[in-house]
Structure formats: structure tokens, C-alpha cells
Amino acid sequence: MKPVHLAQLLPVLALSMAGCSALQPANVPVAAVYRLDTVATVATVPNITAPARATGTPAASILIGNIRAAAGFDSNHMLFMRQPHQIEEFQQSQWQKPPAAMLMPLVTSALESSGLFKVVLQAPTALQTTYRLDLEIRSLQQDFTSTPSRVHFVLRAHLSDTKNQQITAWREFEVNLATPTEDAYGGVLASNQAVTQALKQLTGFCAEQVGPVK
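Only a predicted model underlies this, so the values are computations on that prediction, with no experimental measurement involved.

Reading the values: rules and limits
Each chain carries its own residue numbering, running from 1 in the written order of its sequence. Note on the predicted model: pLDDT of at least 70 is required for a residue's local features to be given, and 80 or more for side-chain atom pairs to be given and counted; whole-chain, interface and lining totals, by contrast, use all residues. Side-chain metrics rest on all non-hydrogen atoms present in the structure, leaving aside hydrogens and water. Residues belong to one nonpolar core when they are buried, are Ala, Val, Leu, Ile, Met, Phe, Trp, Tyr or Cys, and are joined through side-chain atoms within 4.5 Å. Exposed residues in this analysis have more than 50% of their type's maximum accessible area, buried residues have under 20%, and partly exposed residues fall in between, with area computed by a 1.4 Å probe over protein chains only. Any two residues whose heavy atoms approach within 4.5 Å at even a single point are treated as in contact. What counts as a salt bridge is simple: a side-chain nitrogen of Lys or Arg found within 4 Å of a carboxyl oxygen of Asp or Glu. Ring pairs are drawn from Phe, Tyr and Trp, using the six-membered ring of Trp, whenever the two centres fall within 6.5 Å, and their geometry is named by plane angle: stacked under 30 degrees, edge-to-face over 60, tilted for the rest. Strands are runs of DSSP state E lasting at least 2 residues, helices are runs of H or I lasting at least 4, and numbering of each runs from the N terminus.

## Digging into the nonpolar core
So, point 1. Core analysis: the biggest nonpolar cluster contains 48 residues, and Val107, Leu111, Phe117, Leu133 and Leu202 have the highest contact counts within it.
So, point 2. Apart from the residues within four sequence positions on either side, Val107 is in contact with Ile64, Ile67, Leu133, Leu135, Leu199 and Leu202.

Below you can see the structure in the form of C-alpha cells.
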């Protein structure tokens, strides 16, 4: 029996180790998952004022239609930009759900708290309401082309009179805020502040269109 030299065994050992490693799960870091939410307090921003809460008895009701998102913003990917016109995704951070899905309960809560409506409903429903509010997220991304980085949030709203089946008004709300840190978490904090400010503007828009509570 001929002796086996170490040099002859090395290729066999290498193949065996490669086969074993192929069976092991990839060592990929677990993604951090974040929720889009409103914040209790927001720093004062010029030209942005929260509408006064209605004190009378509201007569109108409103249905919040399905909230859409523009192409590219309709997934749970967290987006950022390091140079103009090039959108990238954070690899180890993501939203819990697509932002449009997380925005629905926030809009509902904001309109309920405003006191403008006797009923605030979410689509789908067969119940009839006075108004219908359709929303679209046009942009939600972190911009690293400047320091500090900034979050850009754009929300478009269409308010319809359901009796006449006509759009009575529309408006686009744009909020641009600096992030507290230069990472995905800093973008989340700024995004939540941006959403809070946009919802205050949205409530003011509805108050203008619905009129004073009787």
C-alpha cells in the first residue's frame, strides 16, 4: 500500500470543505425593520400651522380611498440618493410595510382627531360618505447629496364630493427635513417628522374645503 502524501490530500479536503460550506446558510446580516409613524411633537417650521380643532357638531363624513404610491415607492425598500437621478436601496434596513400601507391608519387618526367629520372610514366599504379623499405618495427618500442628509416627502391629495362624483380640490404637500444622523435610522426619524407635518397640512386642506363645523 503506497503512502498518501499531504499534497495529494489537499485537493480532496478543499472540495470537501467547499461542499460543506455550500450547505450552510449565508452569513447575511439581519435587516433592521422600521415603522412609519407620527411624532408627538414637531419643531416649529415657518409657514406651517396646525388647523384649530373643530368645536361644533360635524355633519360631513369622509372615506379615505386606497393610498397609492408612485412607481419605485410602492415597496418596503428604503430608498436613498448619493448623486442626482440615481436611486439606491438600503441593504440592511427596510420598512415594515410599504409606506402607503403604513400611512392609512395615520391619516385616519389625523382626520378623526381634527373633529371635522362625524365619521372617518377606510376603503373598501359599501357605506356612503359626504367626501372621498384619495392620496398618493409621490416621493419618500433620503438625499445624501448634501450634509446633513435630508428626507424628501411628497404627498398628493384629491378631495371629491361623492354626491356629484367630482373632484372639488387637490393639493400637493411637500416636506424636506434634515436628518439627525447620517444613516438609515436618521432617515426614519426625519421621515416620521415629515409625515407628521404633511398630515397637519392635509388636515388644514380638508378644513378649508369642508368649511366650518356647524
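From this point, the narrative continues.
## Comments concerning the pattern of salt bridges
So, point 1. If you walk through the whole model with that rule in mind, you get seven salt bridges.
So, point 2. Of the charged contacts, one joins Arg132 and Asp134 as a salt bridge, the two residues approaching to 3.0 Å between their closest N and O atoms.

## Focus: the packing of aromatic side chains
So, point 1. Enumeration over the complete set of coordinates arrives at five aromatic pairs.
So, point 2. Ring centres of Tyr34 and Tyr185 lie 5.8 Å apart, and the angle between their planes is 35°; this geometry places the pair in the tilted category. Remark: Tyr185 occurs in helix H3 (residues 184-210) and Tyr34 occurs in strand S1 (residues 32-34); sequence separation between them is 151 residues.
So, point 3. Assessed through its relative accessible area of 18%, Tyr34 is described here as buried.
So, point 4. Judged by centre distance (5.8 Å) and plane angle (85°), the rings of Phe80 and Phe144 are edge-to-face. With Phe80 in strand S4 (residues 77-83) and Phe144 in the loop between strand S7 (131-143) and strand S8 (150-161), this pair connects stretches of sequence that are 64 residues apart.

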